[in-house]
Amino acid sequence: HDYPVLALALSNDGQMLASGDVEGTVKVWNMTSGTCLREFRHAHSKAISSICFSQDGSRILTGSHDTTCREFGLRTSRMLKEFRGHGSYVNTCLYHLDNDRLYVVTTSADGTIRIWDGKSAETLKVLL
């Protein structure tokens, strides 16, 4: 990274580390070799505040000061979905699998928690 790193996550198998910086760049690293496997420049227009790997390690979620959460595919090297609806920084983002239904959960500096459909990126609930 060329700028300070604010967020880190480890894949479930411990083989990959994802990092996000204040300029909105995300990198995915091989933990054994230390090489950069993927780089998403301008993944967000502002700082990355949260990163989470999917259970199988094929995707990452990123939360940002630009008020969005985004999902990136590590195989495709591109953005797959955008979760938009918060009024301020996204502080936390995570995946939750419940009975084969995928959810994304985000928290924000706007004081809300949002539960999203992980497939459609639609807001299902807003908790105040």
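Everything that follows concerns the structure shown earlier in this document.
Counting restarts for each chain: residues are numbered from 1 in the order of the written sequence. Predicted model: local features are reported for residues with pLDDT of at least 70 only, side-chain atom pairs are reported and counted for 80 or more only, and whole-chain, interface and lining totals are derived from all residues. The basis for the side-chain values is all heavy atoms of the structure; hydrogens and waters are excluded.

Visitor: Sorry, what's going on with the sheet that holds strand β2 (residues 16-21) here?
Guide: Backbone hydrogen bonds are what pair the strands of a sheet, in a parallel or an antiparallel way. By this definition, two strands are paired if DSSP reports at least two bridges between them. For the purposes of this entry, the term helix denotes a DSSP run of H or I that reaches at least four residues, the term strand denotes a run of E that reaches at least two, and both are numbered from the N terminus. The antiparallel open sheet is built from four strands, whose spatial order is β1-β2-β3-β4. Edge positions in the sheet fall to β1 (5-10) and β4 (36-40), since each of these pairs with one other strand and no more. Neighbour-to-neighbour, the strand axes of the sheet open up by a mean angle of 15 degrees, direction not taken into account. Note on geometry: axes are C-alpha line fits, over the in-contact stretch for helices, and angles between N-to-C directions span 0 to 180 degrees.

Visitor: Mind showing me how you'd approach the sheet that holds strand β11 (residues 113-117) here?
Guide: If you walk across this open sheet you meet the four strands as β9-β10-β11-β12, and the pairing is antiparallel. The open sheet is flanked by β9 (90-98) and β12 (123-127), the only strands paired with a single partner. Strand-to-strand, the axes of this sheet are offset by a mean angle of 20 degrees, without reference to chain direction. Pairing of β9 with strand β10 (residues 101-108), which is carried by eight bridges, proceeds in the antiparallel orientation. Directly across from Tyr95, in β10, lies its bridge partner Val104.

Visitor: Just checking my understanding: could you explain the pairing of strand β8 (residues 78-84) for this structure?
Guide: For a regular strand, side chains alternate in direction, first toward one face of the sheet and then toward the other. Relative to β8, strand β7 (residues 68-73) runs antiparallel, the two being bridged by six bridges. Residue Gly73 lies in a different strand from β8, and its bridge partner there is Arg78. In sequence, β7 turns back onto β8 through a hairpin of four residues, with Ser77 there showing a positive phi of about 60 degrees.

Visitor: Looking at this structure, how should I read the nonpolar core?
Guide: Soluble globular proteins tend to pack their nonpolar side chains together in the buried interior. Among the buried residues, those of types Ala, Val, Leu, Ile, Met, Phe, Trp, Tyr and Cys that are joined through side-chain atoms within 4.5 Å form a nonpolar core. Accessibility here uses a 1.4 Å probe with only protein chains present; expressed as a share of the type maximum, an area under 20% marks a residue as buried, one over 50% as exposed, and anything in between as partly exposed. Of all hydrophobic cores here, the largest spans 14 residues; its most connected members are Val26, Val28, Phe40, Ile51, Phe53, Ile60 and Leu74. Elements supplying a minimum of two residues to this core: β1, β2, β3 (26-30) and β5 (48-53). Of the residues forming this core, the biggest block, three residues, is contributed by β5. With near-sequence residues (within four places) excluded, Ile51 lies in contact with Ala7, Leu8, Ala9, Ala18, Ser19, Gly20, Val26, Leu61, Thr62 and Cys93. Listed in part, the ten residues of the second largest apolar core include Cys52, Val104, Trp116 and Ala121. Residue contacts follow a heavy-atom distance rule, with two residues in contact if any of their heavy atoms lie within 4.5 Å.

Geometry only, nothing functional implied.
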